[in-house]
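Next come the chains, spelled out residue by residue.
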Number of protein chains: 2
Amino acid sequence: VTIRIGIAGYGNLGRGVELAVAGSPDMKVTGVFTRRNPETVVAQLDSTRVFSWASLLEGRDDVDVLILCGGSKTDLPEQGPQLARIYNTVDSFDTHAQVPQYFSIVDDAAQAGGNVALIATGWDPGLFSINRVMAEAVVPTGATYTFWGRGLSQGHSDAVRRVAGVAGGVQYTIPAEDVLDAVRAGEQPKLSAAQRHRRECYVVLEPGADPDVVSAEIKNMPHYFADYDTEVHFISAEELARDHATMPHGGTVLRSGVTGSVEGTHLENSQVVEYTLKLGHNPQFTSSVLVAYARAVHRMAQAGEAGAKTVFDVAPGLISPKSPAELRRDYL
Amino acid sequence: VTIRIGIAGYGNLGRGVELAVAGSPDMKVTGVFTRRNPETVVAQLDSTRVFSWASLLEGRDDVDVLILCGGSKTDLPEQGPQLARIYNTVDSFDTHAQVPQYFSIVDDAAQAGGNVALIATGWDPGLFSINRVMAEAVVPTGATYTFWGRGLSQGHSDAVRRVAGVAGGVQYTIPAEDVLDAVRAGEQPKLSAAQRHRRECYVVLEPGADPDVVSAEIKNMPHYFADYDTEVHFISAEELARDHATMPHGGTVLRSGVTGSVEGTHLENSQVVEYTLKLGHNPQFTSSVLVAYARAVHRMAQAGEAGAKTVFDVAPGLISPKSPAELRRDYL
């Protein structure tokens, strides 16, 4: 069985999906679907065809799972329910506060269409979410910490670039190593996200801009930087292009807790569970997660399931190309 | 709903299950079932009742899930199929080479009884197995490494204690830190288990025994020590009791690979996925995993499923006491 994958949207995420499917022997790309003029879009791989968005909305019979590669702010709230009515879908919706509402509208659409729609996968939300849930289920007495970075944050880089006098720039989120080490050692400090991370900005100034004014404006920006330990470094346009063109990211989910904690006994023992990602390319990794979950969505749809799902609903074996018997023999 | 848990066997694992259930508000212990005379067994908690093994075999209606706490060598091959015919079960069968055969006989029994029987859970096999499968599914191009320790190995400690002239002792398995760091940094060295670990033994001699002879016998023991970098330290019985009475363990599953690897492109990027456990008490942690999976088994049985299952078949949300809506709202 070859699973036929449609790619809805061709930015960083869509490009990563194209490559990840090429690396999966049980899958192939039907095509990229774009809202631009298809003739103006050149795919990374010669074998990838590019189709119009209109042909997607007409309903195609050569797509088993459609991977939605649009953004959470404006694309997915509209496309998610619209396309889940027509196709089995996978998306990376990541506006945490709106997940319940998004789940609900996509579920209605997927149920109506008899499709499976997996929302909010990737690494966070996604693999990190699974680790938060599983570690807490196994060690109910304790605290869970999520650290992000060292990594390039798109949202914070955009915020830096909107400051007057800034010609270009990037922002890295960096976990506080001393806090990470303390939690790894079994401590359970009470700290906010701002106390667990610091921020580093690399900024190219516009001609004549005052570095002190720009630096102060960045460091005092509410929500984004004001609560954080923030460093601003000024660099040249050449340095920005040479040293900051990659998209690394990653982070750590840590559960620090105890087992054997029953009143009146002296049987308590420390238990620490850690999950860490060191990603050379953030969108490529997210895309690879989407593609693995597309395999699960295909299998769940084949088994007659329908409706919206999250990573919490997907058995781990379903994302692997191996058979259950192979997994039992070689991976237990 | 309160899930009623039976505990079949009362060694280190059964004791851990008793405490883990006490820490789970949605569960309670029906009782411990022992092959010893129940009147001679005193449970850790006053509230825990102790019953005969015979009462278990008669079939009880106050056990929703039975957790099998016997060993893989002789207990489980007999008890697994026998009890899966009568009860929903969870076990920690860990003889890797015999998993397919054990799965098959337990599956037959569970299907016949209309029960769900989850085999081979804990941390390895168990949580480590899940991480091996998921990391490979997401990053298909790469290598997976499992490191064990630093931890007390029961099997290797037993081997040390069987050597003539040894009055007592323990063995710690220790990962080679330089190899761990290399894999964390994205390297993919080709190394055997013996090259990825070293072994430390702490030994109490019998009066008159020759330390050189004992040390040589341990270090040259085939399979257990001969291939490893092994240290033997001689200590007093007091030191053994004082410094080596706890049961720490843990380890790391590392996937080091690349995404974007398609011939003819230059889009390859390093991706490293790590899962690490630092366990203060090995049997208590394993027991906590068994108890969390008992919750999943109960839910799968309630949903009408039957047969043998592994951790690869269990959706992550099923092991959490939280509802799917709570998980979506708070953990994605």
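Data block above holds the structure.
Residues numbered from 1 in each chain as written. Chains lettered and ligands numbered in written order. Predicted model: local features only at pLDDT ≥ 70, side-chain atom pairs only at ≥ 80, totals over all residues. Heavy atoms only, no water.

J.: With reference to specific residues and values, describe the packing of helix 5 (residues 127–138) of chain A against helix 11 (residues 282–302) of chain B.
T.: Direction vectors running N to C along helix 5 of chain A and helix 11 of chain B enclose 110°, while the axes themselves pass 8 Å from each other. For the element pair helix 5 of chain A / helix 11 of chain B, the angle class is roughly perpendicular. Between helix 5 of chain A and helix 11 of chain B, the contacting residues are M134, A137 and V138 of chain A on the first element and F285, S288, V289, A292 and Y293 of chain B on the second. Grouping the constituent residues of the contact of helix 5 of chain A with helix 11 of chain B by class yields seven nonpolar, one polar and no charged. (Axes fitted to C-alpha atoms, helices over the stretch in contact; angles between N-to-C directions. Helix = DSSP H or I, 4+ residues; strand = E, 2+ residues; numbered from the N terminus. Parallel < 35°, antiparallel > 145°, perpendicular 65-115°, else oblique. Contact = heavy atoms within 4.5 Å. Nonpolar A, V, L, I, M, F, W, Y, C, P; charged D, E, K, R; others polar.)

J.: Which residues make up the interface of chain B and chain A, and what values go with them?
T.: Counting residues at the interface gives 64 residues for chain B, matched by 64 residues for chain A. Between chain B and chain A the total buried area reaches about 5,700 Å² when both faces are included, carbon and sulfur atoms providing 66% of it. Summed over the shared surface of chain B and chain A, the result is two salt bridges. The shortest N-O distance in the salt bridge between E136 of chain A and K322 of chain B comes to 3.2 Å. Only helix 1 (12–22), helix 4 (99–113), helix 5 (127–138), strand 13 (269–279), helix 11 and helix 12 (324–331) of chain B provide two or more residues apiece to the side of chain B that touches chain A. When residues of the side of chain B that touches chain A are assigned to their parent elements, the largest contribution, 11 residues, is made by strand 13 of chain B. A class-by-class count of the residues in the side of chain B that touches chain A yields 36 nonpolar, 19 polar and nine charged. Sheet topology note: the strand 13 (residues 269–279) of chain A/strand 13 of chain B ladder contains nine bridges and is antiparallel. What sits directly across from V273 of chain A, in strand 13 of chain B, is L277 of chain B. (Buried area = accessible area lost by both parts, 1.4 Å probe. Salt bridge = Lys/Arg side-chain N within 4 Å of Asp/Glu carboxyl O. Pairing = 2+ DSSP bridges.)

J.: Requested: an account of the pairing of strand 2 (residues 27–34) of chain B, with residues and values cited.
T.: All names here are of chain B. With six of eight residues buried, strand 2 lies mostly within the body of the structure. As defined by bridge partners, strand 1 (residues 3–8) adjoins strand 2 across six bridges and the pair is classed as parallel. Bridge pairing in strand 2 places A8 opposite F33. Between the parallel elements strand 1 and strand 2, the chain passes through helix 1 in a crossover that is right-handed. Of the pairings in the sheet, the one linking strand 2 to strand 3 (residues 50–52) comprises three bridges and is parallel in character. Its bridge partner lying in strand 3, F33 is registered against F51. (Buried < 20%, exposed > 50% of the residue type's maximum accessible area, 1.4 Å probe, protein only. Right-handed = clockwise from strand over helix to strand, strands pointing away.)

J.: Kindly report on the sheet that holds strand 10 (residues 197–205) of chain A, identifying the contributing residues and their values.
T.: Residue and element names in this part refer to chain A. Read from one edge of the open sheet, four strands run 8-9-10-11, paired in mixed fashion. Of all strands in the sheet, those bounded by a partner on one side alone are strand 8 (151–152) and strand 11 (229–234). Sheet topology note: the strand 9 (residues 166–175)/strand 10 ladder contains nine bridges and is antiparallel. Within strand 10, the residue paired with P175 across the bridge is H197. The strands touched by helix 6 (residues 154–161) are strand 8, strand 9 and strand 10; relative to strand 9, the strand with the most contacts, the crossing angle is about 145°. Helix 9 (residues 211–219) contacts strand 9, strand 10 and strand 11 of the sheet and is inclined by roughly 150° relative to strand 11.

J.: Hey, could you go over the environment of M27 of chain A for me, with residue numbers and the actual values?
T.: All names here are of chain A. Looking at the secondary structure, you find M27 in strand 2 (residues 27–34). When the C-alpha positions of M27 and R4 are compared, they lie 5.9 Å apart, and in sequence the two are 23 residues distant. Ignoring any residue separated from it by four or fewer positions in sequence, one finds M27 in contact with T2, I3, I5, V21, V291 and R295.

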